Amino acid sequence: MIADVLADAGARMDRAVEAAKDDFATVRTGRANPQMFQKILVDYYGTPTPLAQLASLNNPEARTVVINPYDKAALKDIEQAIRDTPNLGANPTNDGTLVRVTLPELTEERRKEYVKLVRSKGEDAKVHVRGIRRKANDDLDGLKSDVGEDELKRAEKDLDALTRTHVDQIDDALKRKEAELLEV
C-alpha cells in the first residue's frame with residue numbers, strides 16, 4: 001500500500017516536471033523553435049485547435065519558422081492566432097501557401113522579462129509538485145491504522161526525498177532555460 005502511494009506520487013511528479021519543461025520550451029529565446037508554437041490555439045471552423053494539428057512547422061533559419069498548413073483555407077486564422085499570442089512578439093507574413101514567422105532580436109530588457117516569466121512558471125511547477133507531496137502525505141496518514149509507525153516515517157522520508165529530486169529537476173531545467181535566455 002505504501003509502495004502504491006509512493007509510486008503514484010512519483011509518476012505524478014514526473015508528469016509535473018515534464019509539463020514544466022514543455023512550458024519552458026514555449027518561452028521564446030533568441031532562436032526560433034517550433035516548440036514555441038505548440039500551445040497556440042487557432043480558431044479553425046469555430047473550434048480552438050492546436051497549431052501543430054493544422055500545419056507542419058519547420059525551422060529553416062535561426063530566427064525563422066515556416067508554417068505550412070494542411071488546409072490552405074486556415075492561413076488567415078493561423079496568421080491571426082500567431083499575431084494575437086502574448087509574449088511572442090512575432091509578426092507573421094502570409095505568401096498564400098505558407099506562413100513565415102521571423103522573430104526579432106531580443107533586447108536585454110525583454111530577455112529579463114522572459115527570465116521572470118520562466119521563474120514564475122518554475123515556481124508554479126514546484127508548487128504543483130509540493131501539492132502532490134501533500135496529497136501523498138494525506139494518503140499515507142490514511143494508512144496509519146494498517147501499517148506501523150516506523151514504516152510510515154520511512155515512507156514520509158522517501159516521499160520527501162522524491163519531492164526534493166523532482167524540485168531539483170525543475171531547478172536544473174530552469175537554470176538551463178535562464179542561461180539560454182541570457183545568451184546573446
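Worth saying up front: this structure is predicted, and the values here are computed from it rather than measured.

Our next topic: the nonpolar core. Phe37, Leu51, Ile67, Ile78, Ile82 and Val101 are the most contacted members of the largest nonpolar core, which has 21 residues in total. Elements represented by at least two residues in this core include exactly helix H2 (51-54), strand S3 (55-61), strand S4 (64-69), helix H3 (75-84) and strand S6 (99-102). Broken down by element, this core gets its largest block of residues, four residues, from H3. In this structure Leu51 touches Phe37, Ile40, Val42, Leu57, Ile67, Ile78 and Ile82, once residues within four positions along its chain are discounted. Among the nonpolar cores identified, the runner-up in size contains 20 residues, and Ile2, Leu143, Val147 and Ile170 belong to it.

Before going further, it helps to examine helix H1 (residues 2-25). Residues separated by three or four positions in an α-helix point in the same direction, a consequence of the helix having 3.6 residues per turn. The terminal C-alpha atoms of H1 lie 35 Å apart, and with 24 residues this matches the ideal 34 Å at 1.5 Å per residue to within 8%. For H1, the set of buried residues is Ile2, Val5, Leu6, Ala9, Gly10, Met13, Ala16, Val17, Ala20, Phe24 and Ala25.

With that settled, consider the sheet that holds S6. What the four strands build is an open sheet, ordered S3-S4-S6-S5; its pairing is antiparallel. Each having just a single partner strand, S3 and strand S5 (91-94) make up the two edges of the open sheet. Taking the axes of each pair of neighbouring strands and ignoring which way they run, one obtains an average angle of 25° across the sheet. Two strands pair when backbone bridges link them, and S3 and S4 are joined in this way by five bridges, in the antiparallel orientation. Residue pairing across strands places Leu57 opposite Ile67, the latter belonging to S4. On top of the sheet, H3 reaches S3, S4, S5 and S6; it is set at about 165° to S5, its chief contact.

Moving on: the pattern of salt bridges. The final tally for this structure, using the stated rule, is twelve salt bridges. For Glu178, the salt bridge identified is with Arg119, shortest N-O distance 2.8 Å. Placement of the pair is Glu178 in helix H5 (residues 149-182) and Arg119 in helix H4 (residues 108-142), with a sequence separation of 59 residues. Taking the relative accessible area as the measure of exposure, Glu178 reaches 15% and is therefore buried. Overall, the relative accessible area of 46% leaves Arg119 in the partly exposed class. A salt bridge links Glu123 to Lys126, with the shortest nitrogen-to-oxygen separation between them at 3.7 Å. Separated by three residues within a single helix, Glu123 and Lys126 lie in helix H4, roughly one turn from each other.

Cut-offs applied
Residues numbered from 1 in each chain as written. Predicted model: local features only at pLDDT ≥ 70, side-chain atom pairs only at ≥ 80, totals over all residues. Heavy atoms only, no water. Core = buried A, V, L, I, M, F, W, Y, C linked by side-chain atoms within 4.5 Å. Buried < 20%, exposed > 50% of the residue type's maximum accessible area, 1.4 Å probe, protein only. Helix = DSSP H or I, 4+ residues; strand = E, 2+ residues; numbered from the N terminus. Contact = heavy atoms within 4.5 Å. Expected span 1.5 Å × (residues − 1). Pairing = 2+ DSSP bridges. Axes fitted to C-alpha atoms, helices over the stretch in contact; angles between N-to-C directions. Salt bridge = Lys/Arg side-chain N within 4 Å of Asp/Glu carboxyl O.

Function-wise, these values are silent; they only describe arrangement.
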